[in-house]
Amino acid sequence: MLQLSKRAQNLKTSPTLFLVAKAKELAAQGHDVISLTVGEPDWPTFKIPSEAGIEAIQKGITKYTAANGTIELRKAIAGKIKSELGIDYSAKEITVASGAKFIVFTALQMICSPGDEVILGAPYWVSYPTMVELADGVPRVIECNEQDHFKITPAKLEAAITAKTRGFLFCSPSNPTGLQYSAEELKALAAVLRKHPQIVIISDDMYNRLVFDGSRVAPHILQVAPDLRDRTVAVNGGSKAYSMTGWRIGWAAGPEKLITAMGDYQSQATGSPSSISQHAALAAIQNCEPDIAQVTKILTGRRESGLKALQSIPGFKTAPPDGAFYFWVDIHAHFGKSFDGKVIRTSKDFCDILLDKFYVATVPGIECGTEGFMRLSFAVSDETFIRATERMKELVAALK
Ligand SMILES: Cc1ncc(COP(=O)(O)O)c(C=O)c1O
């Protein structure tokens, strides 16, 4: 009989990909499904990188590159980080891979030995705990609460640290909450981390250019604690800010020893990221500041109209997001009520009814480690979002 490894047996399918598949199945049956599960921009890849991709094919830039990315792209990333965060990196301190997801995965593979702990705050990006487990690590999850705006407090961080802690992985602005750490909050976390030199900090900055207060970039731990540079990995990529999800380009900046190990791991796992996508990402980094400013403006408008629509739904509570493109909606008020005789006890119950009966796909908070909430993506048109909220209103009105 075909025997899979222990690792394969423990593997969980990405819950968001499962939801996307279910929504597609309902749509294939002819239902008008609105999906708010997506973690990707609804606008196309900007013109300049798209044309650079075509140019790469036409010019024959279609062969293997260095496993950790071309020197041109790594230098451009270093320049971008210098201008955004004010930190100097050499090209040797940067690695490029097939997506930021693989970058986070690789960083965890390179820092964890069996049984090592990695601290995460819940709600978290759905992939983090499984990635830690695949690195033979143990996710040490800190429950964050609404009063703290779902952020890890210094006291909670301190209490979670043990002799086995090897990593601290966080994302700001956050997927799923859209909330971000302020410079003061990061400074306070850094003060705790400074006392524990064995901890590598993985700062997932995927959404740090999509912020709504008019800043160019979200506050970063390295801006307030540059002394932690030698054990911090700053992760970013083309997917969100440049709408290049399908091109699969992510990168990390960090200490040379770790970055070299990550590059070596990549060289044995995927080999170099796509040469075509790297050429496109280089053009994006060099030329797309105005495009980012424009989409941030569009997202800021959607955030306003989306919040207004959500506020009109009885029992929904939503904290205005600082960045990214997600609303994190408190639906506790509807727990204990029933729809068609089915009692809602969990966020999954609520989201299942919303999808099965009202054809709106959302992510139940429990998939992100926190019960009583749901995540809605507003990387959809205003009109689509409003139609979705009208269906949510119908569901809420039908609850007994
Ligand atoms: C928090 C976070 N980190 C990393 C990624 C990975 O992005 P990619 O692998 O497309 O570069 C995502 C994408 O959804 C994300 O939401």
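(A) Main features of the overall build of the protein chain. The number of helices and strands found in the protein chain is 14 helices and 15 strands. In terms of overall size, the protein chain behaves like a compact globule, its C-alpha atoms giving a radius of gyration of 21 Å where 400 residues would be expected to give roughly 21 Å. Principal-axis analysis of the C-alpha atoms places the extent of the protein chain at approximately 60 × 60 × 55 Å. Considering only intrachain contacts with a sequence separation of at least 6, the fraction spanning at least 24 residues in the protein chain is 74%.

(B) Inspection of the site of the ligand at higher detail. Surrounding the ligand, one finds 13 residues, the nearest of these being Gly99, Ala100, Lys101, Gly237 and Ser239. When its residues are assigned to classes, the shell around the ligand shows 4 nonpolar, 7 polar and 2 charged.

(C) Just the sheet that holds strand β4 (residues 138-143), in detail. Overall, mixed pairing links the 7 strands, which are arranged β2-β8-β7-β6-β5-β3-β4 in an open sheet. Whereas interior strands pair on both sides, the edge strands pair on one side only; in this sheet they are β2 (94-97) and β4. The sheet shows a mean angle of 20 degrees between the axes of neighbouring strands, taken without regard to direction. Across 4 bridges, the pairing between β2 and strand β8 (residues 250-253) is antiparallel. Looking across to β8, one finds that Ile94 is bridged to Ala253. Against the sheet, helix α5 (residues 100-111) engages β2, β3 (117-122), β5 (165-171), β6 (200-204), β7 (232-237) and β8, with an angle of about 40 degrees to β8.

(D) Structural view of the pairing of β4. Of the strand pairs in this sheet, β3 and β4 are connected by 6 bridges, and their pairing is parallel. Bridge pairing in β4 places Val118 opposite Pro139. Where the polypeptide runs from β3 across helix α6 (residues 128-134) and back to β4, its parallel neighbour, the crossover connection is right-handed.

(E) Examining the pairing of β6 more closely. Here β6 lies mainly inside the structure; 5 of its 5 residues are buried. Residues of β6 alternate between two faces, with Val200, Ile202 and Asp204 on one and Ile201 and Ser203 on the opposite face, all of them buried. Between the parallel elements β5 and β6, the chain passes through helix α8 (residues 183-194) in a crossover that is right-handed. Sheet topology note: the β6/β7 ladder contains 4 bridges and is parallel. Bridge pairing in β7 links Ser203 to Ala234.

(F) Seen up close, the domain arrangement of the protein chain. Structurally, the protein chain comprises domain 1 (6-44 + 291-398) and domain 2 (47-288). For domain 1 versus domain 2, the separation of C-alpha centres amounts to 26 Å. Taken together, the 33 residues of domain 1 in the interface contact 31 residues of domain 2. When contributions to the side of domain 1 that touches domain 2 are tallied by element, the ones reaching two or more residues are α1 (6-10), α2 (15-28), α12 (289-311) and β10 (326-330). Broken down by element, the side of domain 1 that touches domain 2 gets its largest block of residues, 6 residues, from α12. Residues that form the side of domain 1 that touches domain 2 fall into these classes: 15 nonpolar, 10 polar and 8 charged.

(G) Up close: α12. With 23 residues, α12 extends 33 Å between its outermost C-alpha atoms, agreeing within 8% with the 33 Å of an ideal straight helix rising 1.5 Å per residue. Buried residues along α12 sit in contact with β10 and α14 (382-398).

(H) Region of interest: the sheet that holds strand β14 (residues 363-364). Overall, antiparallel pairing links the 4 strands, which are arranged β9-β10-β15-β14 in an open sheet. Looking at strand neighbours, the two that pair on one side only are β9 (317-318) and β14, the edges of this open sheet. Relative to β10, β9 runs antiparallel, the two being bridged by 2 bridges. By the bridge assignment, Lys317 is partnered in β10 with Asp330.

Rules used in this analysis
Just so you know, the residues in each chain are numbered from 1, in the order the chain's sequence is written. Totals for whole chains, interfaces and linings use all residues, but because this is a predicted model, local features are given only for residues with pLDDT of at least 70 and pairs of side-chain atoms are given and counted only at 80 or more. Under the DSSP-based scheme used, a helix requires at least four consecutive residues in state H or I and a strand at least two consecutive residues in state E, with every element numbered from the N terminus. Computation of the radius of gyration draws on C-alpha atoms alone. For the globule rule, the value is 2.2 Å times the number of residues to the power 0.38. Note on contacts: residues are paired as contacts if their backbone-placed C-beta atoms lie within 7 Å. Throughout this description, a residue near a molecule or strand is one whose C-beta atom, derived from the backbone, lies within 6 Å of it. Under the scheme applied, nonpolar residues are Ala, Val, Leu, Ile, Met, Phe, Trp, Tyr, Cys and Pro; charged residues are Asp, Glu, Lys and Arg; polar residues are all the others, including Gly. By the convention used here, strands pair only if DSSP detects at least 2 bridges between them. In this analysis an axis means a line fitted to C-alpha atoms, helices contributing only their contacting stretch, and an angle means the value between N-to-C directions, from 0 to 180 degrees. Orient the strands so they point away from the viewer, and a crossover whose first-strand-to-second-strand path over the helix runs clockwise is right-handed. Counting other C-beta atoms within 10 Å of each residue's C-beta, where C-beta atoms are placed from the backbone, gives the exposure class: buried for 20 or more, exposed for 12 or fewer, partly exposed between. Each domain span listed reflects an automatic or database assignment of domains. A helix is expected to reach a length of 1.5 Å times the quantity of its residues less one.

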